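What the coordinates show
Listed below are the residues making up each chain.
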Amino acid sequence: MMARCIELDMQCAAICYSAAQLMSMGSSFAQDICRICADICQQCGDECSNHHTQHCQECADACKACAEECRRMTGVAA
């Protein structure tokens, strides 16, 4: 039942870590990775919102906030 949620959680964590690393290096690819990060975080947040446990709701809020921040960094409005 929560397999997709867990899968997206892991993907979200991986892309966030990668994005942070590239940004800290001043990589010319940081903006591109942030676009992808925003998409994955948004999907993760949407999926987590479907589950009514507190940790899923907290995860959904964090993922949606991350997606919004990534969009801001790329100049794309939410």
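The name an unreviewed UniProt entry assigns to the chain is Four-helix bundle copper-binding protein, from the organism Pedobacter rhodius.

Over its 21 residues, helix H3 (residues 54-74) runs 30 Å from end to end, which matches the ideal 30 Å to within 8%, given 1.5 Å per residue. Among the residues of H3, those classed as buried are Cys-56, Ala-60, Cys-63, Ala-67, Cys-70, Arg-71 and Thr-74. Seen from one end, H3 has its buried residues packed into an arc of 100°, which puts them on one side. Turned more than 90 degrees away from the buried face of H3, the exposed residues are Gln-54, His-55 and Asp-61. Looking at the buried side of H3, the elements it contacts are helix H1 (3-24) and helix H2 (30-49). Positive backbone phi, approximately 80°, marks Gly-75, located one or two places after H3.

A few words on the side chain of His-51. If you trace the backbone, His-51 turns up in the loop between H2 and H3. Owing to a relative accessible area of 9%, His-51 belongs among the buried residues under this scheme. In contact with His-51, other than residues within four places in its own chain, are Met-1, Met-2, Cys-5, Cys-56 and Gln-57.

What counts as what
By convention here, each chain's residues receive numbers from 1 onward along its written sequence. Given that this is a predicted model, residues contribute local features only at a pLDDT of at least 70 and side-chain atom pairs are listed and counted only at 80 or more, while totals for whole chains, interfaces and linings are drawn from all residues. To get the side-chain values, all heavy atoms of the structure are used, and hydrogens and water are removed first. Helix and strand definitions here come from DSSP, where helices need a minimum of 4 consecutive H or I residues and strands a minimum of 2 consecutive E residues; each element is numbered from the N-terminal end. A helix's residues, less one, multiplied by 1.5 Å, set its expected span. Burial status follows relative accessibility: with a 1.4 Å probe on protein chains alone, a residue under 20% of its type maximum counts as buried, one over 50% as exposed, and anything between as partly exposed. It is the directions from the helix axis to the C-beta atoms that the arc portrays. Throughout, a residue-residue contact means that at least one pair of heavy atoms, one from each residue, lies within 4.5 Å.

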